[in-house]
Structure formats: C-alpha cells, structure tokens
Amino acid sequence: MKLFLDTASIEEIRAIKRWGVLGGVTTNPTLVGRERQDPEHVWKRILDEVDGDVSLETTAVEAEAMVEEGRALAAMGRNAVVKVPMTPAGLEAGRRLTDEGIRINVTLVFSPAQALLAAEIGAYVVSPFLGRIDDVAGDGMHALRQIVEIYRAQGYPTKVLAASLRHPMHVVEAARAGADIATMPYEVFTKLVSHPLTDLGLERFLADWQQLRRELEGEARSS
Ligand code: E4P
C-alpha cells in the first residue's frame, strides 16, 4: 500500500519526503485554501516536489466547466491526477476526461454503490472518505472492505485510495483490507512513526552507551 500525504503544505511534503516513504500527495480545495497563496502556484510547487501522483481537485459544478478545468489541471504536470466529485456532473466529466486519457480520482465517495459507479467510468482512483463516514456514526472501514471486495470480484483496475484517515489504526486496517493507497494528514504520519517503547528503548541504549564510555575513560586515566 502506498502512503500519501493529504496536504497542500510544501513544508509537510518535504518533511515526509525526507523519510523516503512519500508515495504521492492528495489535495482538496480546503487544504489549498489554507496556504493563502495563488492555487496555481501551490499546485505547481507540489507537482515539482513530488515524484508520485498528486491529486488536484476541480471546483466547477457543471460537467462542461469541470472538463475544461480538468484538462488544465492535467496539463500542469505528468504526475497530476484530476479529482472530480461523485455527482452526476462529476461522473459525466470524469468519463469524458478518462476517454481523453486523463487520469481521474473520484472523490467524496461514501458508499460501495458510489465506488461501483466510479469504476464503471474508468476512474484511475476512487477515494472513499473513511473518517467522515465514521463521523456520522457509519462504519468507514466496513465500506472500504466492501469496495475492495467488489473491485477484486469484478476485476476493476481502479485503485482504492483510503481517504479521510484520522489515526494510525485507520492506516493499518486500510492496509489489511487491501487498499492500494492510504492518504493521511501530516499528524497521522508522525503518529505512525512514534511508539513510547521506541523512545524508552533508545533512552536506555544511549544511557548504557554513555556509561560504558565513562568507564572506559576512567580505566584509561587510571592506567
Ligand atoms: C482526500 O483526498 C481528502 O482530501 C481527505 O482525505 C479528506 O479528509 P478529511 O475528512 O480529514 O478532511
């Protein structure tokens, strides 16, 4: 399973890239808006920084305008993937963009039925929002498992991107369910790496090492 960062912050992207685990980036209008800069500049910088896929979201509501916007976003970089929403207009625009060879990510997906539609239009990626399903007392992980099961049973090539992940166990369970990609905020990435026993263990190793050095220095002085 590839690990993506859900952000438009170039600092966060660079930090995770340094770990050597950054598979790609997903953005959305809210995340780009937080940067308080020209969106084109934000997108371009991310596309240049990241080797893997970068999802850029359309904001038009009508299909025709969405297709125009999608073409422009796709032309911004070889690693650009165009996000369209799971709406009738999004399906129409998504199908047309796919027919033109543009890779699309169908976003705001909350049910296996919607994921089935995304696969049928030839989406490159589908994004079920697990955390937001949980927020309304649903079971996001159950929906993800059903989507993976349907795609495998039907042989759809569409990749399953587990989105709206809120904590490390979301990521672990998404991997167990067979998701192709998991996208998460920077905070979740940092929680993935940390464990109190790692910190305690390292503290102990370093203390023992210092103790050894002190003893060896003492022996050298007294001889
Ligand atoms: C994915 O592409 C979305 O940007 C994202 O995962 C939404 O997550 P949120 O529900 O935490 O906003």
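Small disclaimer: the values here were computed from a predicted structure and weren't measured.

Asks: How should the packing of aromatic side chains be read in this particular structure?
Replies: How two aromatic rings sit relative to each other is set out by the distance from centre to centre and by the angle between their planes. Scanning all chains against the criterion turns up three aromatic pairs. Note on Trp19 and Phe189: the rings are 6.2 Å apart at their centroids and 75 degrees apart in plane angle, and the pair reads as edge-to-face. With Trp19 in helix α1 (residues 10-19) and Phe189 in helix α10 (residues 186-193), this pair connects stretches of sequence that are 170 residues apart. Over the aromatic face of Tyr124 sits the side chain of Arg103, whose NZ or CZ is 4.7 Å from the ring centroid.

Asks: It is not clear to me how the sheet that holds strand β5 (residues 104-109) should be interpreted in this structure. Could you clarify?
Replies: Hydrogen bonds between backbone groups are what pair the strands of a sheet, and the pairing can be parallel or antiparallel. Taking strand neighbours around the barrel as the criterion, the eight strands line up as β1-β2-β3-β4-β5-β6-β7-β8 in a closed arrangement whose pairing is parallel. For this sheet, the mean angle separating the axes of adjacent strands, direction not counted, is 30 degrees. Sheet topology places strand β4 (residues 80-85) next to β5; four bridges connect them, and they run parallel. Counterpart to Val84 in the pairing with β5 is Val106. The sheet contacts of helix α5 (residues 88-99) involve β4 and β5, and relative to β4 the element is tilted by about 155 degrees.

Asks: Is there a simple way to explain the nonpolar core in this structure?
Replies: Within soluble globular proteins, side chains that are nonpolar tend to cluster in buried spots. Ile104, Val106, Leu144 and Tyr151 are the most contacted members of the largest nonpolar core, which totals 58 residues. Ignoring sequence-local partners within four residues, the contact set of Ile104 consists of Val81, Val82, Val84, Gly94, Leu97, Thr98, Ile121, Ala123, Tyr124 and Val125. Membership of the second largest hydrophobic core comes to six residues, among which are Phe4, Val125, Leu161 and Ile181.

Asks: Would you take a moment to explain the site of the ligand for this structure?
Replies: Around the ligand, the structure places Asp6, Thr26, Asn28, Lys83, Phe129, Arg132, Ala163, Ser164 and Arg166. Between Asp6 and the ligand, the recorded distance is 2.9 Å, taken from a side-chain N or O atom to an oxygen atom. Contact between the ligand and Asn28: an oxygen atom at 2.7 Å from a side-chain N or O atom of the residue. Protein chains shield 87% of the accessible area of the ligand, which is 350 Å² for the free molecule. Grouping the amino acids of the shell around the ligand by side-chain chemistry returns two nonpolar, three polar and four charged.

Asks: I would appreciate a short explanation of the domain arrangement of the protein chain in the present structure.
Replies: With domains assigned, the protein chain is organised as domain 1 (2-192) and domain 2 (195-223). Once you take the C-alpha centre of each, domain 1 and domain 2 turn out to be 47 Å apart.

Asks: Could you clarify how one ought to interpret the pattern of salt bridges in this entry?
Replies: Side chains carrying opposite charge are able to pair once their charged atoms draw close together. Per the stated rule, a full pass over the model turns up 13 salt bridges. One salt bridge connects Asp135 with Arg166, and the closest N-O pair in it is separated by 3.0 Å. Here Asp135, found in helix α7 (residues 130-135), pairs with Arg166, found in the loop between β7 (159-162) and α9 (168-177); they are 31 residues apart in sequence, far enough to count as distant. You can call Asp135 exposed: its relative accessible area is 52%. Through salt bridges that share partners, Arg14, Lys17 and Glu49 make up one connected network.

What counts, and where the lines are drawn
Residues numbered from 1 in each chain as written. Predicted model: local features only at pLDDT ≥ 70, side-chain atom pairs only at ≥ 80, totals over all residues. Heavy atoms only, no water. Phe/Tyr/Trp six-rings, centres within 6.5 Å; stacked < 30°, edge-to-face > 60°. Helix = DSSP H or I, 4+ residues; strand = E, 2+ residues; numbered from the N terminus. Lys NZ or Arg CZ within 6 Å of the ring centre and 35° of its normal. Pairing = 2+ DSSP bridges. Axes fitted to C-alpha atoms, helices over the stretch in contact; angles between N-to-C directions. Contact = heavy atoms within 4.5 Å. Core = buried A, V, L, I, M, F, W, Y, C linked by side-chain atoms within 4.5 Å. Buried < 20%, exposed > 50% of the residue type's maximum accessible area, 1.4 Å probe, protein only. Near = heavy atom within 4 Å. Polar contact = N/O pair within 3.5 Å; in protein donor to acceptor, adjacent residues only side chain to side chain. Areas by Shrake-Rupley, 256 points an atom, 1.4 Å probe, with all protein chains shown as cover. Nonpolar A, V, L, I, M, F, W, Y, C, P; charged D, E, K, R; others polar. Domains from an automatic or database assignment. Salt bridge = Lys/Arg side-chain N within 4 Å of Asp/Glu carboxyl O.

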